[in-house]
Amino acid sequence: MHYNLAQLLKEPTGSTRDYEVDESFTGPEDGSDRAQGWVKVIRTHHGVLVRAKLDLRVKLSCSRCISQFEYGSELTMEEECFATVDPETGRKVDPPEEADGVAHLDAQHGLDMSEFVRQYAITEVPIKPLCRDKCLGLCTECGANLNEEKCKCEASSIDPRWESLAELLTESLE
Ligand SMILES: [Zn+2]
Ligand SMILES: [Zn+2]
């Protein structure tokens, strides 16, 4: 997802480039996450306007059962990126003042979309991801994944409905 926009920057304001995206990128948990969709780049006065719509498939580990699952998210962006070098003269240009801290093209007029996508994926994924709404997690006794198997630990513990009764009984016995 790295695009060289040197040629586009020499064209008049309003000129465009379209890119189809079907690539892997490095998401929040290393791995090979996938982005599919499109990127449109429009020449503006100071640089380019980047519009994108991407379906992201990010691999995450469930915070309860630690199994890996795929998390889907849609990225829509519209952001102006400023040129740091004048495409005609090759001289460094200072981006406009309001552009402080926003995206820039690199010195070769390259646009690195994978970095945007990565940043987005990191902020977008839940802090405590769950593989499913009602993930049952792991058994605290034997570590079995309770989504996949029913371990035997349960049988030995007291049914919570009887717990208060059991307490009463032990109290009265004392
Ligand atoms: Zn889970
Ligand atoms: Zn168990």
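Everything in this summary refers to the structure shown in the same document. This one's a predicted model, so the numbers in the text were calculated from it and none came from an experiment. (Residues numbered from 1 in each chain as written. Chains lettered and ligands numbered in written order. Predicted model: local features only at pLDDT ≥ 70, side-chain atom pairs only at ≥ 80, totals over all residues. Heavy atoms only, no water.)

## Here we look at the overall build of the protein chain
Note the threshold: For the purposes of this entry, the term helix denotes a DSSP run of H or I that reaches at least four residues, the term strand denotes a run of E that reaches at least two, and both are numbered from the N terminus. Only protein chains enter the accessibility calculation, which uses a 1.4 Å probe; a residue is then buried when its area is under 20% of its type maximum, exposed when over 50%, and partly exposed in between. To measure how exposed things are, a 1.4 Å probe is used in the Shrake-Rupley method; for residues, cover is taken only from the protein chains shown.
A count of helical and extended segments in the protein chain gives 4 helices and 6 strands. The linear arrangement of helices and strands in the protein chain, starting from the amino end, is β-α-β-β-β-β-β-α-α-α. Taken over 174 residues, the protein chain has a buried fraction of 33%. Accessible area of the protein chain: about 11,500 Å², with a carbon and sulfur share of 49%.

## Here's the deal with the packing of aromatic side chains
How two aromatic rings sit relative to each other is given by the distance of their centres and the angle of their planes. The cut-off we apply is this: Between 30 and 60 degrees the pair is tilted, below 30 it is stacked and above 60 it is edge-to-face, where a pair is any two Phe, Tyr or Trp rings, Trp via its six-membered ring, whose centres lie within 6.5 Å.
Here the structure, examined in full by the defined rule, presents 1 aromatic pair. Their ring planes at 15° and their centres at 3.9 Å tell us that Tyr3 and Tyr19 sit as a pair that is stacked. Here Tyr3, found in strand S1 (residues 2-4), pairs with Tyr19, found in strand S2 (residues 16-27); they are 16 residues apart in sequence, far enough to count as distant. Both residues of the pair, Tyr3 and Tyr19, count as buried.

## Focus on the coordination of the zinc ion (ligand 1)
As a reminder, the rule being used: Here a donor is any nitrogen, oxygen or sulfur atom (N, O, S) within 2.8 Å of the metal, with 3.2 Å used for Na, K and Ca; water is not among the atoms considered, so some sites may look incomplete.
The protein atoms donating to the zinc ion (ligand 1) are Cys62 (SG), Cys65 (SG), Cys131 (SG) and Cys135 (SG), with metal-donor distances spanning 2.3 Å. Donor residues binding the zinc ion (ligand 1) come from one chain and are separated in sequence as C-x2-C-x65-C-x3-C. Note that Cys62 is positioned in the loop between strand S4 (47-61) and strand S5 (68-82) and Cys135 in the loop between helix H2 (113-124) and helix H3 (153-156), a separation of 73 residues in sequence. Of the two residues, Cys62 and Cys135, neither departs from the other in class, the shared state being buried.

## As for the coordination of the zinc ion (ligand 2)
In plain terms, the rule: Only four donors with every angle between 85 and 135 degrees are called tetrahedral; only four or six donors with opposite donors over 155 degrees apart and all others between 65 and 115 are called square planar or octahedral, in that order; all others are irregular.
Taken together, the protein donors to the zinc ion (ligand 2) comprise Cys139 (SG), Cys142 (SG), Cys151 (SG) and Cys153 (SG), at separations of 2.3 Å. Angles of 105 to 114° at the metal separate the 4 donor atoms of the zinc ion (ligand 2), which places the site in the tetrahedral class. Taken in chain order, the donor set of the zinc ion (ligand 2) reads C-x2-C-x8-C-x1-C. Here Cys153 lies in helix H3 and Cys142 lies in the loop between H2 and H3, a separation of 11 residues in the sequence.

## A word on the pattern of salt bridges
Filter applied, for reference: Salt bridges are identified by distance alone: a Lys or Arg side-chain nitrogen within 4 Å of an Asp or Glu carboxyl oxygen.
Under the counting rule described, the total for this entry stands at 6 salt bridges. Among the salt bridges present, the one from Arg51 reaches Glu78, with a minimum N-O distance of 2.8 Å. Pair noted here: Arg51 is in strand S4 and Glu78 is in strand S5, with a separation of 27 residues, a long-range link. Given a relative accessible area of 52%, Glu78 falls into the exposed group.

Note that all results are geometric; they support no functional claim without further evidence.
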